[in-house]
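Structural overview
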Amino acid sequence: MTSVYESLLLKLANVAELAVQDQGTLNPQAKQALVRSTREFKDALREAQQYANTLPGGELSVEEQDEVIRMLENLRERKKCVDTPRQQLAEFADRVGNISSAAENDMKMEVDSTASTPA
């Protein structure tokens, strides 16, 4: 699979090299080599295109893709609703922890203010 795409660059470089090798007059052998490498590049490009066209998942129209996206978004929202009780419990535990921490701080402040009050 990837070898098809990797070979495209090499074949294109070969065509470019042969095309600029003898800028002036091309002898028959050089012309044949250029034609052969160009044909090989074109065939490899066609093969890569055919491979890309047969990849799974590309047969959905834009409307069908939008529908799949909407369905996935709805599923995500439903899952959020399922996760909500767990999230609510975690938030409640955090609030209780914060309240108890605040109560401890208030108690410390009361003890300190009582101790510093003259009798």
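Details of the structure are given in the entry above.
Right, let's walk through the structure included here. (Residues numbered from 1 in each chain as written. Predicted model: local features only at pLDDT ≥ 70, side-chain atom pairs only at ≥ 80, totals over all residues. Heavy atoms only, no water.)

1. Observations concerning the packing of aromatic side chains
Under the convention used in this document: Between rings of Phe, Tyr and Trp, where Trp is taken as its six-membered ring, a pair exists when centres lie within 6.5 Å; planes separated by under 30 degrees are stacked, by over 60 edge-to-face, and by other angles tilted. In DSSP terms, a helix is any run of H or I states spanning at least four residues, a strand is any run of E spanning at least two, and both are numbered starting from the N terminus.
The final tally for this structure, using the stated rule, is one aromatic pair. With centroids separated by 6.4 Å and ring planes inclined at 65 degrees, the aromatic side chains of Tyr 5 and Tyr 51 adopt a geometry described as edge-to-face. With Tyr 5 in helix H1 (residues 2-21) and Tyr 51 in helix H2 (residues 28-53), this residue pair connects regions lying 46 residues apart in the sequence.

2. Focus on the side chain of Ser 37
Keep this limit in mind: Any two residues whose heavy atoms approach within 4.5 Å are treated as being in contact.
Considering the arrangement of structural elements, one finds Ser 37 in helix H2. Other than its neighbours up to four places away in sequence, Ser 37 contacts Asn 14, Val 15 and Leu 18.

3. So, the nonpolar core
Here is the rule: As used here, the term nonpolar core means buried Ala, Val, Leu, Ile, Met, Phe, Trp, Tyr and Cys residues forming a set that is joined through side-chain atoms within 4.5 Å. Accessibility here uses a 1.4 Å probe with only protein chains present; expressed as a share of the type maximum, an area under 20% marks a residue as buried, one over 50% as exposed, and anything in between as partly exposed.
Within the largest apolar cluster, nine residues are counted, these being Val 4, Leu 8, Val 15, Leu 18, Ala 33, Leu 34, Phe 41, Ala 44 and Ala 48. Secondary structure elements with two or more residues in this core: H1 and H2. If one sorts the elements of this core by residue count, H2 sits on top with five residues.

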